[in-house]
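This is what each chain is made of:
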Amino acid sequence: MKFSPGDVTMSQWRAIYRGASLTLDEAALPAIAAGAAAVEEILSRNEPAYGINTGFGKLAAVRIAPDDLATLQRNLVLSHAAGVGPAMPVPIARLMMALKLGSLGQGVSGVRVETVRMLAALLELDLIPVVPAQGSVGASGDLAPLAHMTAAMLGVGEFFVDGARVPAAEALAQAGLAPLVLGPKEGLALLNGTQFSTANALVGLFEAERLFRSALVTGALSTDAAKGTDAPFDPRIHAVRRHRGQAEVADALRGLMAGSAIRASHLVNDSRVQDPYCLRCQPQVMGAVLDVLRQAAATLATEANGVTDNPLIFINPTEALSGGNFHAEPVAFAADMIAMAVCEIGSIAERRVAMLVDPALSGLPAFLTPSPGLNSGFMIPQVTAAALVSENKTRAFPASVDSIPTSANQEDHVSMAAHGARRLAEMNDNLRAVIAIEWLAAVQGCDFWPMPSSAPLEAARATLRAKVPHLEEDRYFAPDIEAAIALLAAGALDDAALPGLA
């Protein structure tokens, strides 16, 4: 795809995360060159300009001699490469690099064209730096992770090459690339910014969207398995409340159940008046989730196309302006919103599993087994789902309300966006397992009825049954859950016809 800095769509970011190749739009080059020329003009004035001819952070008052400017930038990168923990997953690190390319490519960071071209070349060659995932507080930018990315460009550290970790200098040589020699301000421009936090938040959003749609399908299956009513999905109910997401979820659920013979079997002479909230209030809960995810998406779309380093270089007149665009508070808020949404999708899904295994609520055999007592059926999978939901509750505590001063109190309020965004991966993993358990339970429940469900729900049922047979008697259960998780991870229930972020 053609990559145009400052004008990248969410669908393009999603595609980059999932492995799409990109080529830098040559139209960006004149602005980049003009920004680099502006840095040279600022240096020619021999005036102090933060990060260009001064130290950094608390050391901003220290002037640096012209002969030491290249060393200043290199020292900055090496000293800030102080991350710890596991390496970023390659797809997320790749997305982080593309986000940094988009920021630098807008011409107000003061980097040279050759520096931007090298970053683009690494992406095109799929040379991805090994970046420790811990060490950023989300201001002054994601310094440690981006320092590791930049160090690899200098030939220090490691790259992932075809899944193997290779010394950076060796990997660059094999690719025919010379290690980067930094110009004035370039180390600071590469290190400063929110790209680590934003990449992790975007991936958390993309995975949450996929799981949201999957949970609509499993929720509809659970409703049919329990012989629940689709009356709460009537559009008149949702029109008067006026929330867009709620109305769209109700439409989706009604469409998923349309034509179900299970539903038709209890349209008359059903003594139940109302279903439990986990069935009846799906539009209200999942609709609110969708609205929150869309709000987070809007914030992240803006952030992804923004410029977040410091200082920024402007022309006409030529100035280096120090500000705080590196502060990732918008990303932290968005990540917290996504975390709450992920938590709630799992919470209501687990309640549906609990409802299905309870014969008093579902009308199905206890624990969804034909011979309860001799067999435990779905007793402990429901416990597993409950454990995962409770774990996500603890992880959903807002990261954005925390702060800790750094850099000798120069950087005295930070966003915690990096932590807030990074936790989303594990939360989504937990949610995927909860939805997998619901899928297994709902299909098992539908198996007890002699009539079929709707066409889309029967398709979801067949997809699972192709990998997991009906549970007649107790068996080793973990492989069934793993098979369902793998199907969800591959997007088996992520139907683009269902509502999403767009």
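Above this text sits the structure in question.
Here goes a summary of the coordinates provided. (Residues numbered from 1 in each chain as written. Predicted model: local features only at pLDDT ≥ 70, side-chain atom pairs only at ≥ 80, totals over all residues. Heavy atoms only, no water.)

**Let's talk about the pairing of strand 6 (residues 158-161)**
Across two bridges, the pairing between strand 4 (residues 128-129) and strand 6 is antiparallel. The residue bridging Pro 129 from the neighbouring strand is Phe 159, located in strand 6. (Pairing = 2+ DSSP bridges. Helix = DSSP H or I, 4+ residues; strand = E, 2+ residues; numbered from the N terminus.)

**What to know about the packing of helix 2 (residues 29-44) against helix 5 (residues 113-125)**
With their axes 9 Å apart at the nearest point, helix 2 and helix 5 run at an angle of 130 degrees to one another. As summarised for this structure, helix 2 and helix 5 are arranged oblique, according to the angle between their axes. Judged by residue contacts, Leu 29, Ile 32 and Ala 33 of helix 2 engage Val 113, Val 116 and Arg 117 from helix 5. Residues that form the contact of helix 2 with helix 5 fall into these classes: five nonpolar, no polar and one charged. (Axes fitted to C-alpha atoms, helices over the stretch in contact; angles between N-to-C directions. Parallel < 35°, antiparallel > 145°, perpendicular 65-115°, else oblique. Contact = heavy atoms within 4.5 Å. Nonpolar A, V, L, I, M, F, W, Y, C, P; charged D, E, K, R; others polar.)

**Examining helix 19 (residues 455-465)**
What helix 19 keeps buried is the set Leu 457, Ala 460, Arg 461 and Leu 464. All buried residues of helix 19 project into a common sector of 100 degrees when viewed along the axis, lining one side. Contact partners of the buried residues in helix 19: helix 9 (195-225), helix 11 (244-257), helix 18 (417-447) and helix 20 (478-489). (Buried < 20%, exposed > 50% of the residue type's maximum accessible area, 1.4 Å probe, protein only. Arc of directions from axis to C-beta.)

**Notes on the environment of Asn 200**
With respect to the helices, strands and loops of the structure, Asn 200 is situated in helix 9. Sequence separation of Asn 200 and Ser 271 is 71 residues, and the distance between their C-alpha atoms is 49 Å. Leave out the neighbours within four places in its chain, and Asn 200 touches Met 88, Ile 92, Ala 421, Arg 422 and Leu 424.

**What to know about unusual backbone geometry**
Here Ala 139 and Ser 140 are connected by a cis peptide whose omega angle stands at 0 degrees. Here Ser 140 shows up in the loop between strand 5 (132-134) and helix 6 (143-153). The step from Asn 316 to Pro 317 runs through a cis peptide bond, and the omega angle for that step is 0 degrees. Among the secondary structure elements, Pro 317 is positioned in the loop between strand 8 (312-314) and strand 9 (319-321). The residue Asp 126 is not glycine, and still its phi comes out positive at about 60 degrees. Within the fold, Asp 126 resides in the loop between helix 5 and strand 4. A residue is classified by how much of its surface remains accessible, and Asp 126, at 42% relative accessible area, is partly exposed.

**Some words on the pattern of salt bridges**
Under the criterion given, the structure shown has 28 salt bridges. The salt bridge involving Asp 234 is made with Arg 236; its shortest N-O contact spans 2.7 Å. Judged by relative accessible area, which is 64%, Arg 236 ranks as exposed. Each of Arg 14, Glu 209, Arg 210, Arg 213 and Asp 494 takes part in a single network of salt bridges with overlapping partners. (Salt bridge = Lys/Arg side-chain N within 4 Å of Asp/Glu carboxyl O.)

**Details of the packing of aromatic side chains**
For the coordinates displayed, the defined rule picks out three aromatic pairs. Measuring from ring centre to ring centre gives 6.2 Å for Tyr 17 and Phe 206, while their planes differ by 35 degrees; the resulting arrangement is tilted. Separated by 189 residues along the polypeptide, Tyr 17 in helix 1 (residues 10-17) and Phe 206 in helix 9 bring together distant segments of the chain. Look at Tyr 17 and you get buried, because its relative accessible area is 15%. Taking 5.0 Å as the distance between ring centres and 85 degrees as the angle between the ring planes, the aromatic pair formed by Phe 378 and Phe 477 counts as edge-to-face. Here the residue Phe 378 occupies a position in the loop between helix 16 (359-362) and helix 17 (379-395), and Phe 477 occupies one in the loop between helix 19 and helix 20, the gap between them amounting to 99 residues. The same class applies to Phe 378 as to Phe 477, namely buried. Lying across the ring of Trp 449, Lys 227 places its NZ or CZ 4.1 Å from the centre. (Phe/Tyr/Trp six-rings, centres within 6.5 Å; stacked < 30°, edge-to-face > 60°. Lys NZ or Arg CZ within 6 Å of the ring centre and 35° of its normal.)

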